[in-house]
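# Coordinates in review
Residue-level listing of the chains:
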Amino acid sequence: MKKVYIETLGCQMNKSDTEKMLGMLDYLGYEEVKELKNKDSADLLIINTCSIRQLSEDKAFSRTGLWGKWKKNRPNLKIAFCGCVAQQTGEAVFKRMPYIDLVMGTHNINEFPDLVKRIEAGEKVCAAGETLVDEKGFEIKRAKGVNAWITITEGCDNFCTYCVVPYTRGRERSRAPEVIIKEAKDILAQGFKEITLLGQNVDSYGKKGEYSDWNLARLLRELNALEGKFRIRFTTSYPTDITDELIDTVVKSGKICECFHIPMQSGSSDILKKMNRRYDKETYSKIVKKIRERVKDVTITSDFIAGFPGESEKQFQETLDVMKKLELDYSNTAAYSPREITIAAKWEELFLPEDIKSERLVRLNDQNKENCINSNKKYIGRELEVLVETFKNHKGKNILTGRTRNNKIVHIPHHENIVGEFVNVKIIGAKTWYLKGELNK
Ligand code: SF4
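Reading guide: rules and limits
Going along each chain's sequence as written, the residues are numbered from 1 onward. Thresholds applied to this predicted model are a pLDDT of at least 70 for local features of residues and 80 or more for the giving and counting of side-chain atom pairs; totals over whole chains, interfaces and linings are not thresholded and use all residues. As used throughout, domain bounds are those supplied by an automatic or database domain assignment. Each residue receives a C-beta atom placed from its backbone. It is near a molecule or strand if this atom lies within 6 Å of it. Note on residue categories: nonpolar means Ala, Val, Leu, Ile, Met, Phe, Trp, Tyr, Cys or Pro, charged means Asp, Glu, Lys or Arg, and polar means any other residue, Gly included. Where helices and strands are cited, they refer to DSSP runs of H or I of at least four residues and of E of at least two residues respectively, numbered from the N terminus. In this analysis, the expected span of each helix is defined as 1.5 Å times one less than the number of residues it contains. Using C-beta atoms placed from the backbone, we call a residue buried if 20 or more other C-beta atoms fall within 10 Å of its own, exposed if 12 or fewer do, and partly exposed for counts in between. What counts as a contact here is a pair of residues whose C-beta atoms, placed from the backbone, lie within 7 Å. What makes two strands pair is DSSP finding at least two bridges between them. Axes here mean lines fitted to C-alpha atoms, for a helix over just the part in contact, with angles spanning 0 to 180 degrees between N-to-C directions. In this scheme the handedness of a crossing depends on how the near helix is turned from the far one: anticlockwise by less than a right angle means left-handed, clockwise means right-handed. Residues enter a nonpolar core if they are buried, belong to Ala, Val, Leu, Ile, Met, Phe, Trp, Tyr or Cys, and are joined to the set through C-beta atoms within 7 Å.

### Let's talk about the domain arrangement of the protein
As assigned here, the protein comprises domain 1 (2–127), domain 2 (147–376) and domain 3 (383–439). On a C-alpha basis, the centres of domain 1 and domain 3 stand 36 Å from each other.

### What about the site of the ligand?
Neighbouring residues of the ligand: Cys-156, Asn-158, Phe-159, Cys-160, Cys-163, Val-165, Pro-166, Gln-200, Asn-201 and Tyr-238. Split by residue class, the shell around the ligand holds seven nonpolar, three polar and no charged.

### Describing helix H13 (residues 354–377)
Working note: α-helix, 3.6 residues per turn, so residues spaced by three or four point in the same direction. The terminal C-alpha atoms of H13, which comprises 24 residues, lie 35 Å apart, in line with the 34 Å expected from a rise of 1.5 Å per residue. Lys-357, Arg-360, Leu-364, Asn-368, Asn-371, Cys-372, Ser-375 and Asn-376 are the residues of H13 that are buried. Among the structural elements, strand S13 (299–306), helix H12 (313–325), strand S14 (330–335), strand S18 (422–430) and strand S19 (435–439) are those in contact with the buried residues of H13.

### Regarding the pairing of strand S7 (residues 147–151)
Burial analysis of S7 places four of its five residues in the buried class, which makes it a mostly covered element. Where S7 lies against strand S10 (residues 194–198), five bridges are found, and the strand directions are parallel. Bridge assignment links Asn-147 to a residue of S10, and that residue is Glu-194.

### Let's talk about the pairing of strand S17 (residues 409–413)
Sheet topology note: the strand S16 (residues 397–404)/S17 ladder contains five bridges and is antiparallel. Looking across to S17, one finds that Thr-401 is bridged to His-411. Counted between consecutive antiparallel strands, the loop separating S16 from S17 contains four residues, among which Asn-407 sits at a positive phi close to 70°.

### Regarding the packing of helix H7 (residues 177–189) against helix H8 (residues 216–224)
Contact pair H7 / H8: the axes reach a minimum separation of 10 Å and the direction vectors enclose 35°. Relative to H8, H7 is oriented so that their crossing is right-handed. Listed contacts from H8 to Pro-177, Ile-180, Ile-181 and Ala-184 of H7 are Leu-219, Glu-222 and Leu-223.

### Overview of the sheet that holds strand S2 (residues 30–32)
Taken together, six strands build an open sheet; the order of strands is S2-S1-S3-S4-S5-S6 and the sheet is parallel. For this open sheet the edge positions go to S2 and strand S6 (125–127), each flanked by a neighbour on one side alone. Averaged over all pairs of adjacent strands, the angle between strand axes in this sheet comes to 20°, irrespective of strand direction. Here strand S5 (residues 102–104) runs beside S6; their pairing, made up of three bridges, is parallel. Of the residues in S6, the one forming a bridge with Leu-102 is Val-125. Across the sheet, helix H1 (residues 12–27) is in contact with strand S1 (2–8), S2, strand S3 (44–49) and strand S4 (78–83); its angle to S1 comes to roughly 175°. Here helix H2 (residues 54–73) sits on the sheet in contact with S1, S3 and S4, set at roughly 170° to S3.

### Quick word on the sheet that holds S10
The parallel open sheet is built from three strands, whose spatial order is S7-S10-S11. The two strands at the open ends of the sheet, each matched to only one other strand, are S7 and strand S11 (231–235). When strand polarity is set aside, the average angle formed by the axes of neighbouring strands in this sheet is 25°. Both S10 and S11 contribute to a ladder of five bridges, which runs parallel. Among the inter-strand pairings, Leu-198 is bridged to a residue of S11, identified as Thr-235. Its contacts with the sheet put H1 on S7 and S10, and the angle it makes with S7 is roughly 95°.

### Considerations on the environment of Ile-412
Counting through the fold element by element, Ile-412 comes out in strand S17. On the basis of neighbour counts, which here come to 23 C-beta atoms within 10 Å, the residue Ile-412 falls in the buried class. Beyond its immediate stretch of four places on either side in the chain, Ile-412 contacts Ile-399, Leu-400, Val-425, Gly-437, Glu-438 and Leu-439.

### Here we look at unusual backbone geometry
For the bond from Thr-235 to Thr-236, the omega torsion is 10°, close enough to zero to count as cis. Within the secondary structure layout, Thr-236 lies in the loop between S11 and helix H9 (244–252). Located in the positive-phi region is Glu-327, a residue other than glycine, with phi close to 50°. By C-beta crowding, Glu-327 is classed as partly exposed, having 13 other C-beta atoms within 10 Å.

### Topic: the nonpolar core
By size, the foremost hydrophobic cluster in this structure holds 95 residues, and its most contacted members are Ile-46, Phe-81, Val-103, Met-104, Ile-150 and Ile-195. The greatest single-element share of this core, amounting to five residues, is contributed by H8. Here this core gathers at least three residues from each of two domains, domain 1 (2–127) and domain 2 (147–376). Among all residues touching Ile-46, those that are not within four sequence positions of it are Val-4, Ile-6, Met-21, Ala-80 and Cys-82. Listed in part, the eleven residues of the second largest apolar core include Leu-384, Val-388, Leu-400 and Val-410.

Encoded structure:
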């Protein structure tokens, strides 16, 4: 069999695309290798790139630079540059890296097998079109594990001023409900115990286009009705697209986990306006409070940017205050990184010096840590259901790691590999990033 190695950078959307590519490559007779030792490890090398931050983009070019050197001694080696940076850069990738065989953007993933056949035949191909190529029904080859992802919406129409996604992933569209439900049934038949519905704005499912009689709540109810014991998660939610119906569905449907990932980005209403987010501090706070009142033991996580162009110390302080006040359970944090094409990248006169951004990021992370430990401590002494995900030996001790329904990571010492099982665990300790548990016999 031919061998393929794929390196995936960035978010879960990219991981989901990688799974799709692996499924298609299976049809073409490729086997995945997980480790890339040298130029002979694989016949096809793929990097699935992310353009959300400069660091990630730089990493993609540096990785492929090394692969280009390998190709000098192995001319038949094929290299594919895929994902968001490919979508954005297109043909220009060849100028910078002439040894690349395939440049494939996010819109062309469904014609990936044809593109691979063309590069195998010796062609150099760029497929980074503006229009999404339709799905062709290839089976997705999912990495074996406990959780499987299903993309339900693609793209975004929100045009937040700092974000490249609308340019790299295109306009928002929802996938057909019957296709999603079939994928879920297949996933469960393969033995997966958890399904995560993915989308840049997962909660705007059905809002636009041909499936307007559907929404996320209805889709979740349909999936909840499928037979068997399993969990359902969904991410990422746009704050103002969270409806009462969605919250009620989470409360009433036993398989849907009690966690919402709702990026706030800034605690300052003025900065939110500059970011083109469609809510202010008060609106966001009300949504969080409403969810907390209605969903028992809910975990609410968020994203924040430190040092957005023009952010004053007072405005940054508002972010720290709101994080604390709303007791957000965990947040992804990043210093602002200008991305070409976006509106905010043109506001150079408002850019903050790197040292200020870094210093604010440190304070943001400190607040995040405080929130996390406080959130975790609440569970000491409780008994929680955990789905076991891994079994590893750590410093001579066998440890199971799993997640609670509300997405808390739990470490449990145990001699036996019971990955994929639901177990009851007594929480006996809390660290910043995880809980310590004991298996209840
Ligand atoms: S909602 Fe904003 S931040 Fe999220 S993907 Fe769309 S443009 Fe980017």
